[in-house]
Amino acid sequence: MAADAIDLALRIVIVDPVPGVALALQQGKTGSAALIAPSSVSADAAAFDFTVVAAAKPGPSPRLLGPFVQGPPDKRFVYVCIGVYAGDATSPWSRRAKIPLTGLTWPLIEALKAGGPPRSPHRRPRPRRQPGLRQPCPAAARMAGGVAVGSED
């Protein structure tokens, strides 16, 4: 187990975002949340930079805390808001993607502090639910050098 608590800078990269569909990171609980715009956007990716606190607790995983962290202690995640949820009232899309934080263990955090694990080149295709219609669901989010798959809310 690591120190009592450390600030951990994270980056979520939404691969191949749908053009023209608003994305935002949810800061705070639903109902009183702030929407944080991506820190960088291109045709290939949208990135969100944020910080969580990794606090010591028994076991291999830290207790993750902070205004971006959602969910019960053993199933922490962050929300990436899409379309209406991201503040675009005219969007035909209205959803949130849960980006799990459960893969953040003390060994991974220690590796990140020491220079980080190699970045994964793996990309997952965006799921297609309706033929010919691009779904603005972040199919893959690269985080902490690995790939965390988002699920819709």
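Residues numbered from 1 in each chain as written. Predicted model: local features only at pLDDT ≥ 70, side-chain atom pairs only at ≥ 80, totals over all residues. Heavy atoms only, no water.

What follows deals with the pairing of strand β5 (residues 45-55). Bridge analysis of strand β1 (residues 5-15) against β5 gives eleven bridges, and the strand direction is antiparallel. From the neighbouring strand, leucine 10 faces β5, where its bridge partner is phenylalanine 50. Bridging between strand β4 (residues 40-41) and β5 involves two bridges; their strand directions are antiparallel. In the strand pairing of β5, valine 41 is matched with alanine 46. (Pairing = 2+ DSSP bridges. Helix = DSSP H or I, 4+ residues; strand = E, 2+ residues; numbered from the N terminus.)

So, on to the pairing of strand β2 (residues 23-27). Counting buried positions along β2 yields four of five residues, so the element is predominantly enclosed. Sheet topology note: the β2/strand β7 (residues 77-83) ladder contains three bridges and is antiparallel. Each bridged residue has a counterpart across the sheet, and for leucine 25 the counterpart in β7 is valine 80. Pairing geometry for β2 and strand β3 (residues 34-36), over three bridges, is antiparallel. In the sheet register, glutamine 27 faces β3, and the bridge partner there is alanine 34. (Buried < 20%, exposed > 50% of the residue type's maximum accessible area, 1.4 Å probe, protein only.)

Right, let's get into the environment of leucine 65. Mapped onto the fold, leucine 65 is located in strand β6 (residues 63-65). According to the relative accessible area criterion, leucine 65 is partly exposed, its value standing at 30%. Leucine 65 sits 14 residues away from threonine 51 along the chain, and the two C-alpha atoms are 9.3 Å apart. Excluding its chain neighbours within four sequence positions, the residues that come into contact with leucine 65 are Val52, Val53, Ala55 and Arg76. (Contact = heavy atoms within 4.5 Å.)

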